[in-house]
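# Observations on the model geometry
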Amino acid sequence: MPQEFLYQPLGGNDMPRFGGIATMMRLPNVESARELDACFVGVPFDLGTSNRTGARFGPRQIRSESVLLRPYNMATRAAPFDSLRVADIGDVATNPYNLADSIARIEAAFDDIIASGCRPISLGGDHTIALPILRAMHKRYGRVGVIHVDAHADVNDTMFGEKIAHGTPFRRAVEEGLIDGNRTVQIGLRGTGYTAEDFDWCRKQGFRVVQVEECWGKSLAPLMEEVKALIGDGPVYLSFDIDGIDPAYAPGTGTPEIAGLTVPQALEIIRGSWGLDIVGADLVEVAPPYDPLGTTALLAANLAFEMLCVLPGVVRRD
């Protein structure tokens with residue numbers, strides 16, 4: 001795309017980083033994704049949480065912390081704003097009083113976002129939002145592969161009798177034929193459970209399950225080579241729960257679990273996805289009330305930028 005049509009984040013020499021409107025990376029706020037190659041979109045929703053609420057405030061604080069980000073990735077040499085038209089399209093208007101209506105609203109919003117081929121990076125919000133997003137993705141791309149980073153498998157059949165909650169989206173996605181189990185990888189699963197079935201159900205669907213013990217004390221670059229071979233050339237969705245990372249680094253979340261992934265490992269997972277046909281991504285479960293210093297949201301903002309840097313079409317400078 002010609003340079004004059006590309007948006008650029010507002011620089012720190014044009015406006016102090018503590019000033020201006022806090023859009024994601026201080027990008028322009030536009031109403032529609034129709035003219036965009038990629039977008040950041042907030043999904044302020046936490047009616048599906050089972051423990052500590054507060055993820056509805058995640059998009060706002062992630063944007064606030066993102067003012068520290070600059071447009072060029074010094075490690076990978078990725079320069080997403082050199083080749084993609086990217087903007088912040090604001091938030092989905094969820095219904096704070098009705099979970100089912102919120103799910104329908106999210107699905108409809110993402111139908112519109114991806115209609116023209118825009119690849120959304122969603123700022124959650126709890127992990128329930130993955131289900132309506134995957135429903136929208138399926139309409140355009142068919143069954144997608146999934147790279148799912150999380151402490152939890154999120155494949156419960158029900159939670160307190162409810163079929164839709166933040167612990168059920170990937171079971172519903174399998175049942176509805178939205179994802180390809182043989183092209184799905186879950187990384188970082190851990191913690192206590194009720195039965196072995198909590199993780200074994202995933203394996204029975206063909207998922208590659210990487211419990212966190214496989215990750216301790218090592219680089220995940222070799223794992224990501226395996227993941228890329230498994231995923232192949234088809235469309236893939238990246239879903240990243242911030243609680244996949246150890247709460248020492250990301251305490252601001254609703255269901256923290258000890259002994260999680262490190263921040264460098266999180267970067268290895270995302271950077272290791274370079275070359276895949278990523279059609280969308282989410283960063284969910286940031287709950288600012290439990291980390292008022294903003295460390296968790298700062299991490300989330302950086303991870304969302306790293307997701308942008310591995311989208312198809314992003315150039316890497318020589």
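For every chain, the first residue of its written sequence is number 1, and the numbers climb from 1 along that sequence. Local features in this predicted model are restricted to residues whose pLDDT is 70 or higher, and side-chain atom pairs enter the listing and the counts only when it is 80 or higher, whereas totals over whole chains, interfaces and linings include all residues. Hydrogen atoms and water are omitted, and side-chain values are computed over all heavy atoms in the structure.

As annotated in an unreviewed UniProt entry, the protein chain carries the name Agmatinase and is attributed to Crenobacter cavernae. UniProt positions are given in the numbering used here, feature names are shortened, and annotations may be inferred rather than shown by experiment. Under the Sequence similarities (unreviewed entry) heading, UniProt states for the protein chain: "Belongs to the arginase family. Agmatinase subfamily."

To continue, consider the overall build of the protein chain. Helical segments are the DSSP runs of H or I of at least four residues, strand segments are the runs of E of at least two, and each set is numbered from the N terminus. Within the protein chain, the secondary structure is distributed over 8 helices and 8 strands. In terms of overall dimensions, the protein chain is globule-like: its C-alpha atoms have a radius of gyration of 18 Å, near the 20 Å expected for 318 residues. Seen through its principal axes, the protein chain has C-alpha atoms that stretch 55 × 45 × 40 Å. Classification of residues uses two cut-offs on accessible area relative to the type maximum, computed with a 1.4 Å probe and protein chains only: under 20% is buried, over 50% is exposed, and between them is partly exposed. The buried share of the protein chain, taken over its 318 residues, is 56%. Working rule for contacts: check all heavy atoms of both residues, and any pair within 4.5 Å makes them a contact. In the protein chain, 78% of the contacts between residues at least 6 apart in sequence involve partners at least 24 apart. All accessible-area figures derive from a Shrake-Rupley calculation using a 1.4 Å probe, and residue coverage is judged against the displayed protein chains alone. When the accessible area of the protein chain is evaluated, it comes to approximately 12,900 Å², of which 53% is carbon and sulfur surface. Side-chain charges of the protein chain comprise 29 positive and 41 negative groups, with the mean position of each set lying 2 Å from the other. As a reference, a globule follows 2.2 Å times the number of residues to the power 0.38, and the radius of gyration itself is taken over C-alpha atoms. Here Asp and Glu are counted as negative and Lys and Arg as positive; His is not counted, and neither are the chain ends. Charged side chains are reduced to one point each, which is NZ for Lys, CZ for Arg, CG for Asp and CD for Glu.

Residues spaced three or four apart along an α-helix face the same direction, because each turn holds 3.6 residues. Its 15 residues place the ends of helix α8 (residues 295-309) 21 Å apart at the C-alpha level, agreeing with the 21 Å of an ideal helix rising 1.5 Å per residue. Turning to α8, its buried residues number three or more, namely T296, A297, L299, A300, A301, L303, A304, F305, E306, M307, L308 and C309. Helix span, as expected, comes to 1.5 Å for every residue beyond the first.

Here the focus is the environment of N73. Relative to the helices and strands, N73 is located in the loop between α1 (58-65) and β2 (86-91). The term polar contact refers here to a pair of N or O atoms within 3.5 Å; inside protein, the definition further demands a hydrogen-donor-capable atom paired with an acceptor-capable atom, and it admits residues adjacent in sequence only when both atoms are side-chain atoms. Of the polar contacts made by the side chain of N73, one reaches the backbone nitrogen of A75; its length is 3.1 Å.

The subject of this paragraph is the UniProt feature "binding site: Mn(2+)" (unreviewed entry) in the protein chain. Under the feature "binding site: Mn(2+)" (unreviewed entry), the UniProt entry names H127, D150, H152, D154, D241 and D243. Of the residues just listed, which span 117 residues, no C-alpha pair is farther apart than 12.2 Å, and they cluster in one region. Among the annotated residues just listed, those that line the largest pocket are D150, H152, D154, D241 and D243. Tracing the chain through its elements places H152 in the loop between β4 (144-149) and α4 (169-175). Excluding residues within four positions of it along the chain, H152 makes contact with L189, D243, T255 and E257. Within the local environment of H152, its side chain forms a polar contact with the side chain of D243, the two groups lying 3.3 Å apart. Mapped onto the elements, D154 comes out in the loop between β4 and α4. When residues no more than four places from it in sequence are discounted, the contact partners of D154 are H127, H148, H166, G167, T168, P169, F170 and R171. Within the structure, the side chain of D154 is placed 3.1 Å from the side chain of H127, a separation counted as a polar contact. Lining residues are defined by having an atom within 4 Å of a point belonging to a cavity or pocket. Those points lie on a 1 Å grid over the protein atoms alone, cavities being sets where a 1.4 Å probe fits but cannot get out and pockets being open sets with protein on both sides within 12 Å along at least five of seven lines.

A separate point is the packing of aromatic side chains. Centres within 6.5 Å make a pair out of two Phe, Tyr or Trp rings, where for Trp the six-membered ring is used; the pair is then stacked when the planes are under 30 degrees apart, edge-to-face when over 60, and tilted otherwise. Taken as a whole and judged by the stated rule, the model has 0 aromatic pairs. The rule is short: NZ of Lys or CZ of Arg within 6 Å of the ring centre and within 35 degrees of the ring normal puts a charge over the ring. Over the aromatic face of Y290 sits the side chain of R52, whose NZ or CZ is 4.1 Å from the ring centroid. Taking NZ or CZ as reference, R317 lies 4.7 Å from the ring centre of Y72, over its face.

Attention shifts here to the state of the cysteines. Chemically, a disulfide is nothing more than a covalent bond linking the sulfur atoms of two cysteines. In this description, the term disulfide denotes a pair of cysteine sulfurs within 2.5 Å. By the definition in use, this model includes 0 disulfides. Of all cysteine sulfurs, the one in C118 lies closest to C39, which takes part in no disulfide; the gap is 3.7 Å. By relative accessible area, which is 1% here, C39 ends up buried. The closest cysteine sulfur to the non-disulfide-bonded C309 is located on C39, 16 Å from its own sulfur. Exposure remark for C309: the relative accessible area of 1% places this residue in the buried category.

This paragraph deals with the pairing of strand β5 (residues 179-189). The element β5 is extensively covered by neighbouring structure, given that 10 of its 11 residues are classed as buried. Note on the crossover from β4 through α4 to β5: the handedness is right-handed. Strand direction decides the pairing type here: β5 and strand β6 (residues 208-211), joined by 4 bridges, are parallel. Bridge pairing in β6 places V185 opposite R208. For the handedness criterion, the strands are oriented away from the viewer, and a crossover whose path from the first strand over the helix to the second runs clockwise is classed as right-handed. With helix α5 (residues 197-204) bridging β5 and the parallel β6, this β-α-β connection has right-handed handedness. Strands qualify as paired when DSSP identifies two bridges or more between them.

Before going further, it helps to spend a moment on the pattern of salt bridges. In the sections that follow, a salt bridge refers to a side-chain nitrogen of Lys or Arg positioned within 4 Å of a carboxyl oxygen of Asp or Glu. Throughout the structure, instances matching the rule amount to 18 salt bridges. Between R63 and D88 there is a salt bridge, with the nearest N and O atoms lying 2.7 Å from each other. Placement of the pair is R63 in helix α1 and D88 in strand β2, with a sequence separation of 25 residues. Assigned by exposure class, R63 and D88 land together as buried. The structure contains a network of salt bridges with shared partners spanning D157, K163, R172 and E175.

A few words on the sheet that holds β5. Taking strand neighbours across the sheet as the criterion, the 8 strands line up as β2-β1-β3-β8-β7-β4-β5-β6 in an open arrangement whose pairing is parallel. Among the strands making up the open sheet, the edge pair consists of β2 and β6. Shown here is a sheet whose adjacent strand axes are inclined to one another by a mean of 15 degrees, direction ignored. Taken strand by strand, helix α3 (residues 130-141) contacts β3 (119-124), β4, β5, β7 (235-241) and β8 (277-284), and its axis lies near 170 degrees from that of β7. The axes are straight lines fitted to the C-alpha atoms, using for helices just the contacting stretch, and the angles between their N-to-C directions are given from 0 to 180°. On the sheet, helix α6 (residues 221-231) packs against β4, β5, β6 and β7 and is oriented at approximately 165 degrees with respect to β5.

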